[in-house]
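What follows is each chain in one-letter form.
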Amino acid sequence: MKQFVLAGLFAGAVALPAMADYTIIAPANPGGGWDQTARTMQTVMQEDGISPSVQVQNVPGAGGTIGLAQFASQNSGNDQALIVGGFVMVGAILTNNSPVSLKDVTPIARLTGEYEAVVVPAASPIQDMKGLIEALKVDPGAVSWAGGSAGGTDHIAVGLIAKAAGVDPTKINYIAYSGGGEALAAILGNQVTAGVSSLGEFDAQVKAGTLRLLAVSAPERIAGVEAPTLKESGLDVELQNWRMVAAAPGLNDEQKAKVAADIEKMVKSENWQKQLADKGWSDTYLAGADFEAQLAKDEAATATVLKDIGLVK
Amino acid sequence: MGAFDFLLQGLATAAEPMMLLYALIGVTLGTAVGVLPGIGPALTVALLLPVTYRLDAAGSLIMFAGIYYGGMYGGSTTSILLNTPGESASIITALEGNKMARKGRGGPALATAAIGSFIAGLIATLLLAFLAPWIVKVALVFGPREYFALMVLAFVTVSAAFGDSALRGLTSLFLGLALACVGIDQLTGQARLEFGVPVLLDGIEVTTMAVAMFAVGEALFIAGQRIHIDDELTAVKGSIWMSASDWARSWKPWLRGTFIGFPIGAMPAGGAEIGTFLSYATEKKLSKHPEEFGHGAIEGVAGPEAANNASAAGTLVPLLTLGLPTSATAAIMLAGFQQFGLQPGPLLFATNPTLVWGLIASLLIANFMLLVLNLPLIGLWVKLLTVPKPWLYAGILLFATLGTIGANPSTFELGMLLGFGVLGYGMRLFGYPIAPIVVGLILGPMAEQHLRRALSISQGDWGYLVQSPIAAVLLGIAALALIVPLILRARGKGEMLSQLAGDED
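Residues numbered from 1 in each chain as written. Chains lettered and ligands numbered in written order. Predicted model: local features only at pLDDT ≥ 70, side-chain atom pairs only at ≥ 80, totals over all residues. Heavy atoms only, no water.

In the annotation of an unreviewed UniProt entry, the entry for chain B reads Putative tricarboxylic transport membrane protein, and the organism field reads Paracoccus lutimaris.

The name that an unreviewed UniProt entry assigns to chain A is Putative tricarboxylic transport membrane protein, with the source organism given as Paracoccus lutimaris. Recorded in UniProt under Sequence similarities (unreviewed entry), the annotation for chain A is "Belongs to the UPF0065 (bug) family." (UniProt positions renumbered as here; feature names shortened; annotations may be inferred.)

A short note on the overall build of chain B
Scanning chain B from N- to C-terminus turns up 20 helices and two strands. Counting only residues that meet the buried cut, chain B has 58% of its 505 residues in that class. Restricting the contact set of chain B to residue pairs at least 6 apart, pairs at least 24 apart contribute 77%. Split by element, the accessible area of chain B, about 19,400 Å² in all, is 70% carbon and sulfur. (Helix = DSSP H or I, 4+ residues; strand = E, 2+ residues; numbered from the N terminus. Buried < 20%, exposed > 50% of the residue type's maximum accessible area, 1.4 Å probe, protein only. Contact = heavy atoms within 4.5 Å. Areas by Shrake-Rupley, 256 points an atom, 1.4 Å probe, with all protein chains shown as cover.)

Let's talk about the overall build of chain A
Regarding its fold elements, chain A presents 11 helices and 10 strands. Taking 2.2 N^0.38 as the reference for a compact globule, 313 residues should give roughly 20 Å; the C-alpha atoms of chain A span a radius of gyration of 21 Å, in line with that estimate. Contacts in chain A between residues at least 24 apart in sequence constitute 76% of all its contacts with a sequence separation of at least 6. For chain A, the accessible surface area stands at approximately 12,600 Å², while carbon and sulfur atoms represent 53% of it. Of the charged side chains in chain A, 22 are positive and 33 negative, and the gap between their average positions amounts to 3 Å. (Rg over C-alpha atoms; globule rule 2.2 N^0.38 Å. Lys, Arg positive; Asp, Glu negative; His and termini not counted. Charge placed at Lys NZ, Arg CZ, Asp CG, Glu CD.)

Quick look at the domain arrangement of chain A
All names here are of chain A. Under the domain assignment used here, chain A contains domain 1 (2–113 + 241–309) and domain 2 (115–216). For domain 1 versus domain 2, the separation of C-alpha centres amounts to 31 Å. Between domain 1 and domain 2, the residue contacts involve 11 residues of the former and 13 residues of the latter. Of the roughly 1,000 Å² buried where domain 1 meets domain 2, counting both sides, 67% is carbon and sulfur surface. Applying the counting criterion to the domain 1 and domain 2 interface returns one salt bridge. (Domains from an automatic or database assignment. Buried area = accessible area lost by both parts, 1.4 Å probe. Salt bridge = Lys/Arg side-chain N within 4 Å of Asp/Glu carboxyl O.)

Structural notes on the packing of helix 10 (residues 244–266) of chain B against helix 12 (residues 299–322) of chain B
Residue and element names in this part refer to chain B. Closest axis-to-axis distance for the helix 10/helix 12 pair is 6 Å, and the angle between their directions is 30°. With respect to helix 12, the element helix 10 is oriented roughly parallel. Our pair here, helix 10 against helix 12, has a crossing hand that is right-handed. In this structure, helix 10 contributes Arg249, Ser250, Pro253, Trp254, Gly257, Thr258, Gly261, Phe262, Gly265 and Ala266 to the contact, and helix 12 contributes Glu299, Ala302, Gly303, Ala306, Ala307, Ala310, Ser311, Ala313, Gly314, Thr315, Val317 and Pro318. Its residues assigned to classes, the contact of helix 10 with helix 12 shows 11 nonpolar, nine polar and two charged. (Axes fitted to C-alpha atoms, helices over the stretch in contact; angles between N-to-C directions. Parallel < 35°, antiparallel > 145°, perpendicular 65-115°, else oblique. Left-handed = near helix turned anticlockwise from the far one by under 90°. Nonpolar A, V, L, I, M, F, W, Y, C, P; charged D, E, K, R; others polar.)

Quick look at unusual backbone geometry
Generally, phi is negative for residues other than glycine and the peptide bonds are trans, each holding for most cases. Even without being a glycine, Asn190 of chain A presents a positive backbone phi close to 60°. Locating Asn190 of chain A in the fold gives a position in the loop between helix 7 (180–188) and strand 7 (194–198). Although it is not a glycine, Gln459 of chain B adopts a positive phi angle of roughly 55°. Examined against the element boundaries, Gln459 of chain B turns out to sit in the loop between helix 18 (435–457) and helix 19 (469–490).

Comments concerning empty space enclosed by the protein
Under the defined criterion, the tally for this structure stands at five cavities of 30 Å³ or more. Taken as a whole, the second largest cavity holds about 90 Å³ of empty space. Along its surface, the second largest cavity is lined by 14 residues, and Tyr177, Glu182 and Ala186 of chain A together with Phe142 and Tyr147 of chain B are the ones closest to its centre. Of all the secondary-structure elements, those providing two or more residues to the lining of the second largest cavity are helix 7 of chain A together with helix 6 (106–141) and helix 7 (144–161) of chain B. (1 Å grid on protein atoms, 1.4 Å probe; cavity = no way out; pocket = protein on both sides within 12 Å on 5 of 7 lines; lining within 4 Å. Points joined across faces, edges and corners; volume = space filled by probe spheres on them.)

Remarks on the confidence of the model for chain A
This prediction gives chain A a mean pLDDT of 83; 92% of its residues lie at or above 70. Per-residue pLDDT stays below 50 along residues 1–17 of chain A; that stretch engages in one contact with residues further than four places along the chain or on separate chains. (pLDDT = per-residue confidence, 0-100.)

Quick notes on helix 4 (residues 87–95) of chain A
With seven of nine residues buried, helix 4 of chain A is to be regarded as a mostly interior element. Of the residues making up helix 4 of chain A, those classed as buried are Phe87, Met89, Val90, Gly91, Ala92, Ile93 and Thr95 of chain A.

Concerning the confidence of the model for chain B
All names here are of chain B. When pLDDT is averaged along chain B, the result is 80; 87% of the residues meet or exceed 70. A low-confidence stretch, residues 499–505 (pLDDT under 50), is modelled with five contacts involving residues beyond four sequence positions or located in other chains. Model confidence for the complex is summarised by a pTM of 0.80, with the ipTM given as 0.77.

Some details on the pattern of salt bridges
Residues and elements named next belong to chain B. Under the criterion given, the structure shown has 20 salt bridges over all chains. Between Glu218 and Arg102 there is a salt bridge; the shortest N-O distance is 3.1 Å. Of this pair, Glu218 sits in helix 9 (residues 206–225) while Arg102 sits in helix 5 (residues 91–102); the two residues are 116 residues apart in sequence, bridging distant segments of the chain. For Glu218, a relative accessible area of 5% translates into the label buried. Judged by its relative accessible area of 29%, Arg102 is partly exposed. Between Arg256 and Glu283 there is a salt bridge, with its nearest N and O atoms 2.9 Å apart. Note that Arg256 is positioned in helix 10 and Glu283 in helix 11 (residues 272–286), a separation of 27 residues in sequence.

Considering a nonpolar patch on the surface
Residues and elements named next belong to chain B. Taken together, the side chains of Phe4, Leu8, Leu122, Leu126, Phe130, Leu131 and Trp134 make up a nonpolar region of the molecular surface, amounting to roughly 660 Å² of accessible area. For the nonpolar patch, the secondary structure elements donating two or more residues are helix 1 (3–14) and helix 6. Residue contributions to the nonpolar patch peak at five residues, all from helix 6. Turning to its location among the elements, Phe130 is positioned in helix 6. Its relative accessible area of 33% is what places Phe130 among the partly exposed residues. (Patch = residues over 30% accessible without salt bridge, like charges linked within 9 Å, V, L, I, M, F, W, Y side chains within 5 Å.)

Digging into helix 5 (residues 129–138) of chain A
Residues and elements named next belong to chain A. Of all the positions in helix 5, only Met129, Leu132, Ile133 and Leu136 are classed as buried. End-on view of helix 5: buried residues confined to an arc of 95°, all on one side of the axis. Opposite the buried face of helix 5, by more than 90 degrees, sit the exposed residues Lys130 and Val138. Its buried side turned inward, helix 5 meets strand 4 (106–121), strand 5 (144–147), helix 6 (153–164), strand 7 and strand 8 (211–216). (Arc of directions from axis to C-beta.)

Concerning the interface of chain B and chain A
Each side of the interface is counted separately: chain B has 40 residues, and chain A has 40 residues. Between chain B and chain A, roughly 3,300 Å² of surface is buried when both sides are summed, and carbon and sulfur atoms account for 54% of that area. Remark: the boundary between chain B and chain A carries zero salt bridges. Between the two partners, chain B and chain A, sit four residue pairs in polar contact (both at pLDDT 80 or more). Those elements giving two or more residues to the side of chain B that touches chain A turn out to be helix 3 (41–52), helix 6, helix 13 (328–338) and helix 18 of chain B. It is helix 13 of chain B that provides the largest number of residues to the side of chain B that touches chain A, a total of five residues. Classifying every residue of the side of chain B that touches chain A gives 26 nonpolar, 11 polar and three charged. (Polar contact = N/O pair within 3.5 Å; in protein donor to acceptor, adjacent residues only side chain to side chain.)

A few points about the packing of aromatic side chains
All names here are of chain B. In this structure the tally under the stated criterion is eight aromatic pairs over all chains. On the basis of an interplanar angle of 55° and a centroid distance of 5.6 Å, the ring pair of Phe142 and Tyr147 is categorised as tilted. The residues Phe142 and Tyr147 share a single accessibility class, namely buried. The ring centre of Tyr432 lies 5.2 Å from the NZ or CZ of Arg168, which sits over that ring. (Phe/Tyr/Trp six-rings, centres within 6.5 Å; stacked < 30°, edge-to-face > 60°. Lys NZ or Arg CZ within 6 Å of the ring centre and 35° of its normal.)

What about the environment of Ala81 of chain A?
Residue and element names in this part refer to chain A. If you trace the backbone, Ala81 turns up in strand 3 (residues 81–86). When the C-alpha atoms of Ala81 and Ala248 are compared, they prove to be 6.1 Å apart, with 167 residues separating the residues in sequence. Excluding residues that lie within four positions of it along the chain, Ala81 makes contacts with Tyr22, Thr23, Phe71, Asn75, Ala246, Ala247 and Ala248.

The structure is reproduced here in structure tokens:
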């Protein structure tokens, strides 16, 4: 018996340093930000030998909540399963009344993030954020905002801007498109008053002079971007569209630490930094208790603003 | 260096033996994965993109172009042979293509699809190369109201083109529209008709529905007949190549399909399916053999297949000139370009001419490779039809199920496949056409969203819908297409209509 236990311990000790074969769920269709995040993680983890074999599985739908629900129910205690998610998921969980929330998984770290940008077509008479807010105050319905899906980061940003400007958020005329790209076409075609999406979506157009960048949602000015923050424009709004990675529910501390260590190794690698630079994503890595605190703050703020817009009762 | 020099230089690079090999590998992989139903071009490119990273920029681009065009092409083969459309853009191909295949004309159907795709790809790639900056300006004029008008036109022309009984066609269409309401409403984020089932939150997957209706329904129908009536069905009747009359009947639809598909593909919210619907309706209107439609008319394969390949090139217009990915496939391609530091956008043609023209040259080569790969394969594919029927249909069922599970591993999705399969069986049994239900499912949400966006922008003013000249013209054509046949029929001049169609050329 003693030998058996010893053999077991020995096997365990040999098994421990073995690397995990991760499966990453991208709760979205191929091509979107979450899918690309998952596939970039796959590339880096495999190339840098953090994990010998990483699989990416797409489980699309409903702002990531379908993938999240499936992930949480099928992987309890499995320390080789990961899911990519982000700020959009926080809103989608609330608007869809999702039975599964981020409390049902083990958030590991925030990986990347993008700030929101407010733009108008170059031909627009509106010159700055002040002009846009004045128009909004005169008649909120007459200012149409194009952005991504309803209840997503872009919609939340518009709600926050209206609220900060003292305009009734339920009155905003938000035109939801299936993504930043389709919204961009509507803005370029002069179909709407203004547009809100991640800065990266608009960057090339702003540089080419076809869009006017009014403000960004960063806490302070972004290097290389010639636009004031919303705060400078007198609106107390700060918003980051972040992406994160979470592990399965029901992990013990040891398992959790191991996953967190693997992710940290990945984030700190040169390869990851190079991939981020290629894709124009900023590294907003945040892990541990700091991330949990930030997550709780974002969840509370999102719940409030979605109620203000009228999307969540 | 002018644009033409860059293109020649790109072609010279892409025509090196090693590059041709990469192109061949790319189109073979793309076609092979694209053939699986449920795995559309987007997933094909996502799965295979990492393969290209190991090569240098030129080799990588060319393999990638091969995968893209190959993935777009793969869907038509299964549509024609097995009645299982791999993606929504080849649904229309199944309508006539599979009928042809079952009459022993699978060879010509595959050939007209391959050559049509080649010609459309060639013309559309050249249009992309030389006219992209202008086309995109026109495409941007399309706002919600113009799109809505385009959808209305598609509805009118398409429903007129289906079946003999208008009532049955419309019943099927409205069934599709009702099913299209399921899922999260895009504009408010609220769930509709999802009955607490999370999978339904994202609506009913078009490919699941199409595969169920076409393939599963068909298999059940055949099984239900019990008696092997048309067992004498010959897999190959006549030549497996296109006859002179096939050529004569194909070349105009190829060109028309190209010029319908390309601009619609270039529109940021156009979508490849719309082009195939409009092309099918056009061909049925203009054909000298309208009676063959629904029984295997070659025009009905040639036009839509050209249209969907032309729209694949069209999708690259907003991608390269605006940095605007308008489909899932384009979004993955954007990620692919970024690997070489290529930032698509308004400045791309100016800042990165070598890579852009290299890509365009690669697309031309890939297009050519597809033809080289697919024409000899036709003989092999057609053999598939000589498989005894029970085995063939068992194989189709297996294939359809695997594809659905592969695209979305969920038991509910599988249940939907079977449920809609039974519905498809019932509709066949009572003579309802099945294409309109799928068309309704695709067009319904698009039309609804664009209408509501337009009304939201105008703050509820319906007059806004006709105040744009383009929208007004499109709605006008739709109204004419609806009213004129009614008037002519009312005057008992139905024969005149067919005569008019006959006089067309």
